Amino acid sequence: MANASLSQFPTQPPAHANRVDRLRIRHLRLLDLVARTGSLTATAETLHISQPAVTKMLQELEQAFACTLIERTTRGGQLTTAGERALERLRMALGALDAARDALVVHPEVPLVRIGMLPLVGVHVLPRLIAALEQQGQLPRFWVYENTVNGLLALLARGELDCVIGRLEATQPTPMQEQLDIVPLGDEYLAIACAPGHPLAKRRGLTFSALRGQAWILPPRGTHTRDVFEQPFLDQGQLPPTPYIESISFHSNLSMVAASHFLTVAPESAVQHYANMSMVHKIRLRTPFASGRMVFISNKNALQSSAVALVAKALEEQWRMSI
């Protein structure tokens, strides 16, 4: 009986397992290139190899994973569902390889953290983080990327970022959120700014109705800041103001407001930063905007380095100190 039960658990790995060990980095990049170009021919040109060589690589890749990864189409080729699932994992592996290469080019003894962030993070969060880690003698090298939340999360999913400082939005699909390790940091607020000499600068307890008729510089529709700005007007049954100028950069918007009669809305930390330099004045609202939650995001499926964990801990400490 003992022998019979042991026979149910084969000691030899599946035949295709050994084939995985024979794969080269080019095999892994093949799937990513087909996904990006939709063409085996274009993939061959990018890899500087012949079309038959790409076909052979694909065969070796599919034999290693024991499933069909790419379907031939009239336009070239597209990933199967299995190919898409494989690529999700392989992109993280490729991202890790690229990060290892980049980290060892200069000062290999100092860890490298590829950090993505919303532009507002660079106003006070990142400077405080750097100052704290430098004071502790534990400052890693940073590669900093600024983008939208969705853009940053796409880079994180592909293994091109180690972590993100941002927020989660309702438009992000649930499967994506399930792959994320999320650490809450603190609340994020918006504020309205005007030039110090603006007639509204000395008034207190302004309502949104009183602000509706002003001239505005606003971020484009569809951005998080524009959505949060417009909601109080909609809640009161009013159409939101139509901006005279639309600009996505709150740094540019605050600089324009400082030299004009316009109003703008921006993260409170940015408004306060410019107010400290006497460039703008923060308008006092009767009812403040609803807050958002800033979070630290990393990928559950990626091996987290000690430097990334250090950054997460330092961010939490800095946010607690600022409360």
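Preceding this paragraph is the structure being described.
Presented here is a report on the structure given in the accompanying data block. Each residue is numbered by its place in its chain's sequence as written, counting from 1. Confidence filtering applies because this is a predicted model: local features only for residues at pLDDT of at least 70, side-chain atom pairs given and counted only at 80 or more, and all residues used for totals across whole chains, interfaces and linings. As a rule here, side-chain values cover all heavy atoms of the structure and leave hydrogens and water aside.

## As for the overall build of the chain
Link 1 in the chain: Secondary structure elements are defined from DSSP: runs of H or I of at least 4 residues count as helices, runs of E of at least 2 residues count as strands, and each element is numbered from the N terminus. Counting its regular elements, the chain contains 14 helices and 12 strands.
Link 2 in the chain: Partly exposed residues are those whose accessible area sits between 20% and 50% of the maximum for their type, while under 20% is buried and over 50% is exposed, using a 1.4 Å probe and protein chains only. Out of the 323 residues in the chain, the part that is buried amounts to 41%.
Link 3 in the chain: The criterion used for residue contact is that any of the two residues' heavy atoms lie within 4.5 Å. Long-range pairs, those at least 24 residues apart, make up 73% of the contacts in the chain with a sequence separation of at least 6.

## Some thoughts on the packing of helix α4 (residues 40-47) against helix α5 (residues 51-65)
Link 1 in the chain: In contact at an axis separation of 9 Å, α4 and α5 are set at 105° when each is read in the N-to-C sense. With respect to α5, the axis of α4 lies roughly perpendicular. Packed against α4, whose contacting residues are Leu 40, Thr 41, Ala 44 and Leu 47, the element α5 presents Gln 51, Val 54 and Met 57 at the interface.
Link 2 in the chain: Throughout, the ten residues Ala, Val, Leu, Ile, Met, Phe, Trp, Tyr, Cys and Pro are labelled nonpolar, Asp, Glu, Lys and Arg are labelled charged, and all others, Gly among them, are labelled polar. Classifying every residue of the contact of α4 with α5 by side-chain character gives 5 nonpolar, 2 polar and no charged. To get an axis, a line is fitted to the C-alpha atoms, and for a helix only the part in contact is used. The angle between two axes follows their N-to-C directions and goes from 0 to 180 degrees. Any angle between 65 and 115 degrees counts as roughly perpendicular, while under 35 counts as roughly parallel, over 145 as roughly antiparallel, and the rest as oblique.

## Thoughts on helix α11 (residues 224-235)
Link 1 in the chain: Multiplying one less than the number of residues by 1.5 Å gives the expected span of a helix. With 12 residues, α11 extends 17 Å between its outermost C-alpha atoms, agreeing within 8% with the 16 Å of an ideal straight helix rising 1.5 Å per residue.
Link 2 in the chain: Turning to α11, its buried residues number three or more, namely Thr 225, Arg 226, Val 228, Phe 229, Glu 230, Pro 232 and Phe 233.
Link 3 in the chain: Packing partners of the buried residues in α11 comprise β7 (190-194), α10 (208-211), β8 (216-218), β9 (245-246) and β10 (263-267).
Link 4 in the chain: Positive backbone phi, approximately 75°, marks Gly 237, located one or two places after α11.

## Quick look at the nonpolar core
Link 1 in the chain: In this structure, Ile 165, Leu 254, Phe 296 and Val 311 are the most contacted members of the largest nonpolar core, which totals 47 residues.
Link 2 in the chain: Considering every element that reaches this core, the biggest residue donor is helix α14 (residues 306-322), with 7 residues.
Link 3 in the chain: Setting aside its immediate chain neighbours within four residues, Ile 165 contacts Ile 115, Gly 116, Met 117, Leu 118, Val 121, Leu 185, Met 294, Val 295, Phe 296 and Leu 315.
Link 4 in the chain: To form a nonpolar core, buried Ala, Val, Leu, Ile, Met, Phe, Trp, Tyr and Cys residues must be joined to one another through side-chain atoms within 4.5 Å. Ile 49, Ala 64, Ala 86 and Leu 87 belong to the second largest nonpolar core, which has 22 residues in total.

## Notes on the sheet that holds β8
Link 1 in the chain: Pairing within the open sheet is mixed, and its 5 strands lie in the order β9-β8-β10-β7-β11. For this open sheet the edge positions go to β9 and β11 (281-282), each flanked by a neighbour on one side alone.
Link 2 in the chain: Paired strands are those between which DSSP finds at least two bridges. Taken together, the 2 bridges between β8 and β10 define a ladder with parallel strand orientation. Bridge pairing in β10 places Ile 217 opposite Thr 264.

## Focus: the side chain of Glu 230
Link 1 in the chain: Structurally, the position occupied by Glu 230 is in helix α11.
Link 2 in the chain: For Glu 230, the side chain forms a polar contact with the side chain of Arg 226, separated by 2.8 Å.
Link 3 in the chain: Sequence-distant contacts of Glu 230, that is, excluding residues within four places in its chain, are made with Arg 221 and Pro 240. Whenever a nitrogen or oxygen atom comes within 3.5 Å of another N or O atom, the pair is scored as a polar contact, on the condition that within protein one atom can donate a hydrogen and the other can accept it, and that pairs from neighbouring residues in sequence are kept only if both atoms are in side chains.

## Observations concerning the packing of helix α3 (residues 25-37) against α5
Each pair of packed helices gets described by two things: the angle between the helix axes and the distance between those axes.
Link 1 in the chain: Put simply, α3 and α5 touch, their axes get as near as 10 Å, and they point 95° apart. Regarding the angle of α3 to α5, the classification is roughly perpendicular. Where α3 abuts α5, its residues Arg 26, His 27, Leu 30 and Leu 31 lie against Val 54, Met 57, Leu 58, Glu 60 and Leu 61.

## What about unusual backbone geometry?
Link 1 in the chain: Unusually for a residue other than glycine, His 48 sits at a positive phi of about 60°.
Link 2 in the chain: If you trace the backbone, His 48 turns up in the loop between α4 and α5.
Link 3 in the chain: Owing to a relative accessible area of 71%, His 48 belongs among the exposed residues under this scheme.

## Remarks on the sheet that holds strand β3 (residues 112-117)
Link 1 in the chain: Read from one edge of the open sheet, 5 strands run β4-β3-β5-β12-β6, paired in mixed fashion. Only two strands of the sheet have a single neighbouring strand rather than two, namely β4 (141-146) and β6 (180-188). Taking the axes of each pair of neighbouring strands and ignoring which way they run, one obtains an average angle of 20° across the sheet.
Link 2 in the chain: Sheet analysis places β3 next to strand β5 (residues 163-166), joined by 3 bridges and oriented parallel. Opposite Ile 115, over in β5, you have Cys 163 as the bridge partner.
Link 3 in the chain: Across the sheet, helix α7 (residues 121-135) touches β3, β4, β5 and β12 (292-299), and the angle it forms with β4 is around 170°.
Link 4 in the chain: Seen against the sheet, helix α8 (residues 149-157) touches β3, β4, β5, β6 and β12 and runs at an angle of roughly 20° to β12.

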